[in-house]
Amino acid sequence: MIMTPKQRSFAIYSVVALLLIVPLIGMQFSKEIKWSLLDFIIAGFLLFTTAFSIDFIMRRVKTKAYQFITIAVVLITLFLIWAELAVGIFGTPLAGN
């Protein structure tokens with residue numbers, strides 16, 4: 001099944017929304033999950049920026065190999081920033097520990 005660009009965009013942004021709903025629901029059932037409004041804002045910014053970048057790459061880059069490489073770079077960047085904010089793997093002042 002081939003998706004149209006609109007369907008693909010909807011799917012990408014829906015995944016981001018679902019990822020943000022997971023901790024919101026988890027906070028209702030566990031006291032160990034403690035996200036503040038700022039946590040949701042930062043996570044939303046990172047995830048939606050990543051989703052926008054992936055959507056942009058999928059629309060503009062025609063070669064599948066280049067799409068794969070650039071999307072991989074975007075995702076690796078997201079994971080490194082997320083890890084730094086969460087536990088401080090690089091030891092910057094932004095570290096969450």
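The rules behind the values
Residues numbered from 1 in each chain as written. Predicted model: local features only at pLDDT ≥ 70, side-chain atom pairs only at ≥ 80, totals over all residues. Heavy atoms only, no water. Salt bridge = Lys/Arg side-chain N within 4 Å of Asp/Glu carboxyl O. Helix = DSSP H or I, 4+ residues; strand = E, 2+ residues; numbered from the N terminus. Buried < 20%, exposed > 50% of the residue type's maximum accessible area, 1.4 Å probe, protein only. Contact = heavy atoms within 4.5 Å. Expected span 1.5 Å × (residues − 1). Phe/Tyr/Trp six-rings, centres within 6.5 Å; stacked < 30°, edge-to-face > 60°. Core = buried A, V, L, I, M, F, W, Y, C linked by side-chain atoms within 4.5 Å. Axes fitted to C-alpha atoms, helices over the stretch in contact; angles between N-to-C directions. Parallel < 35°, antiparallel > 145°, perpendicular 65-115°, else oblique. Nonpolar A, V, L, I, M, F, W, Y, C, P; charged D, E, K, R; others polar.

## What about the pattern of salt bridges?
Phase 1 of the analysis: Under the definition given, this model contains 1 salt bridge.
Phase 2 of the analysis: The salt bridge involving D55 is made with R59; its shortest N-O contact spans 3.4 Å. Within this pair, D55 and its partner R59 are both found in helix α2 (residues 37–60), separated by 4 residues, close to a single helical turn.
Phase 3 of the analysis: Residue classification places R59 among the partly exposed positions, given a relative accessible area of 38%.

## A word on the side chain of D55
Phase 1 of the analysis: Overall, D55 belongs to the buried group, its relative accessible area being 7%.
Phase 2 of the analysis: Apart from the residues within four sequence positions on either side, D55 is in contact with S9, I12 and Y13.

## A short note on α2
Phase 1 of the analysis: End to end, α2 covers 34 Å across 24 residues, agreeing with the expected 34 Å (1.5 Å per residue, within 8%).
Phase 2 of the analysis: Along α2, the residues classified as buried are F40, A43, G44, L46, L47, T50, A51, I54, D55 and I57.
Phase 3 of the analysis: Taken together, the buried residues of α2 touch α1 (5–29) and α3 (64–87).

## Some words on the packing of aromatic side chains
Phase 1 of the analysis: For the structure on display, the rule yields 3 aromatic pairs.
Phase 2 of the analysis: Seen in terms of ring centroids, F52 and F56 are 6.3 Å apart; in terms of plane orientation they differ by 25 degrees. Their pairing is stacked. With F52 and F56 both in helix α2 and 4 residues apart, the pair spans about one turn of that helix.
Phase 3 of the analysis: A residue is classified by how much of its surface remains accessible, and F52, at 51% relative accessible area, is exposed.
Phase 4 of the analysis: Look at F56 and you get partly exposed, because its relative accessible area is 45%.

## Some words on the nonpolar core
Phase 1 of the analysis: Counting 12 residues, the largest nonpolar core consists of I12, V16, L20, A43, L46, L47, A51, I54, I57, I71, V74 and L78.
Phase 2 of the analysis: Contributing elements (two or more residues each) for this core: α1, α2 and α3.

## A short note on the packing of α2 against α3
Phase 1 of the analysis: Contact geometry for α2 and α3: axes closest at 9 Å, N-to-C directions at 175 degrees. Between α2 and α3, the interaxial angle falls into the category roughly antiparallel. Where α2 abuts α3, its residues I42, A43, L46, L47, T50, S53, I54, I57 and M58 lie against Q67, T70, I71, V74, L75, L78, I81, W82 and L85.
Phase 2 of the analysis: Of the residues belonging to the contact of α2 with α3, the class tally is 14 nonpolar, 4 polar and no charged.

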